[in-house]
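Residues per chain, in single letters:
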Amino acid sequence: MGFIFPYKVKVVKKRFISDRIVKLSIERPYNYDCKLGQVIDLSIDAPQFGLEVDTFTIIDVSGNTFFDIIVKSCPNDSKISDYLSIINTNESIFISDAWDSQEYKGPGLFIVENIFIARILNILKKISPDSINISNHKLLLFNENKADVFFGSEMKKILGTNFKNIYHGNQFDYYSLLKKRVYNLDQKIYICGTYKFEKNIMAALLSIGFNKEQIHTGK
């Protein structure tokens, strides 16, 4: 038996965005409170998953009966993500309450791994009515290729030229990619992505000359 969260729900719909990225529509429990950009912890009640838990971002809450999460298949990184990429509709999963994973501490540079962009979008939407304040925010969005881009038009509308896509392919060096794009060593930095992504970005930023106190990661 795996780790059991409070809500047992079904997968209502499944759609492939690219060969490794899937959007799942999840049954929404009665009076379940969730917002765009929040995250849920998810488990599967099957022996092969043990007590494994994974966290997924909510990318759409437009329906009262379901909400959407985004899943990226990561071989050898997450058994749950891999399983969700092949899950059938009407299968059951367990989810936690939705919660905020990213804390906003003022203007700065956001460095985000592709499918995690929804976590930042909600923050920027709250700031965007203030055009003076939003100009102090920049975003570097890491994508393997163009097919992986999410909310690109929304980001462009909010940030304009302060929004940059970085297409890095399969083989790349974090330090080299950041060194030629990050010049202001006095700004706050927000990193949002998988643990591996956050660890690699953190190491590159420290090598460039940032202090740990300037760098903020998700919870």
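Residues numbered from 1 in each chain as written. Predicted model: local features only at pLDDT ≥ 70, side-chain atom pairs only at ≥ 80, totals over all residues. Heavy atoms only, no water.

Undergrad: Now, about helix α6 (residues 195-208): what can you tell me, with residues and values included?
TA: With 14 residues, α6 ought to run about 20 Å at 1.5 Å a step, and its terminal C-alpha atoms sit 20 Å apart, in line with that. All of the buried residues in α6 are Phe197, Glu198, Ile201, Ala204, Leu205 and Ile208. The arc that holds every buried residue of α6, seen down its axis, measures 130 degrees, which confines them to one face. What points out from α6, more than 90 degrees from its buried face, is the exposed set Tyr195, Lys196, Lys199 and Ser207. Where α6 ends, the next residue or the one after it, Gly209, has phi of about 135 degrees, a positive value. (Helix = DSSP H or I, 4+ residues; strand = E, 2+ residues; numbered from the N terminus. Expected span 1.5 Å × (residues − 1). Buried < 20%, exposed > 50% of the residue type's maximum accessible area, 1.4 Å probe, protein only. Arc of directions from axis to C-beta.)

Undergrad: Can you lay out the pairing of strand β3 (residues 39-43) for me, pointing to particular residues and giving the numbers?
TA: Most of β3 is tucked away, with five of its five residues classed as buried. Along β3, one buried face is formed by Val39, Asp41 and Ser43 and the opposite face, lined by Ile40 and Leu42, is buried too. As paired elements, β3 and strand β4 (residues 54-60) share four bridges and run antiparallel to each other. Its bridge partner being in β4, Asp41 is matched across the sheet by Thr55. In this sheet, strand β6 (residues 92-95) lies alongside β3 in antiparallel orientation, the contact comprising two bridges. Each residue of the ladder has a partner; that of Leu42, found in β6, is Ile95. (Pairing = 2+ DSSP bridges.)

Undergrad: For the nonpolar core, give the residues involved together with the corresponding values.
TA: Most often, soluble globular proteins have nonpolar side chains that are buried together. In terms of nonpolar packing, the biggest core is built from 26 residues, with Phe110, Val112, Ile117, Leu124, Leu139, Phe151 and Met155 touching the most fellow members. For this core, the secondary-structure elements that each account for two or more residues are β7 (108-113), α2 (117-127), β8 (138-143), α4 (152-159) and β10 (188-192). For this core, the element with the most residues is α2, which contributes seven residues. Membership of the second largest hydrophobic core comes to 23 residues, among which are Val11, Leu24, Phe67 and Ile95. (Core = buried A, V, L, I, M, F, W, Y, C linked by side-chain atoms within 4.5 Å.)

Undergrad: Pulling in residues and values, what's your account of the packing of α2 against α4?
TA: Between α2 and α4, whose axes approach to 11 Å, the crossing angle comes to 30 degrees. By the angle between their directions, the pair α2 and α4 is classed as roughly parallel. In the packing of α2 onto α4, the handedness of the crossing is left-handed. Taken together, the residues of α4 that come into contact with α2 (itself represented by Ile117, Leu121, Leu124 and Lys125) are Glu154, Met155, Ile158 and Leu159. A class-by-class count of the residues in the contact of α2 with α4 yields six nonpolar, no polar and two charged. (Axes fitted to C-alpha atoms, helices over the stretch in contact; angles between N-to-C directions. Parallel < 35°, antiparallel > 145°, perpendicular 65-115°, else oblique. Left-handed = near helix turned anticlockwise from the far one by under 90°. Contact = heavy atoms within 4.5 Å. Nonpolar A, V, L, I, M, F, W, Y, C, P; charged D, E, K, R; others polar.)

Undergrad: So what's going on with α2? Residues and values would help.
TA: Here α2 lies mainly inside the structure; eight of its 11 residues are buried. Looking at α2, one finds that the buried residues are Ile117, Ala118, Arg119, Ile120, Leu121, Ile123, Leu124 and Ile127.

Undergrad: Report on the packing of aromatic side chains, specifying residues and quantitative values.
TA: Taken as a whole and assessed by the stated rule, the structure comprises eight aromatic pairs. An angle of 10 degrees between the planes, with centres 5.6 Å apart, marks the rings of Tyr32 and Phe67 as stacked. A residue pair is termed long-range when its members are at least 10 positions apart, and Tyr32 in the loop between β2 (21-27) and β3 and Phe67 in strand β5 (residues 66-72) qualify at 35 residues. Phe67 shares its class with Tyr32; the two are buried. Where Phe142 meets Tyr174, the ring centres are 6.2 Å apart and the plane angle is 25 degrees; that geometry is what we call stacked. Taken as a pair, Phe142 in strand β8 and Tyr174 in helix α5 (residues 174-179) lie far apart in primary sequence, 32 residues in all. For the residue pair Phe142 and Tyr174, the accessibility class agrees, reading buried in each case. Within the aromatic cluster, the residues linked to one another by ring pairs are Tyr7, Tyr32 and Phe67. (Phe/Tyr/Trp six-rings, centres within 6.5 Å; stacked < 30°, edge-to-face > 60°.)

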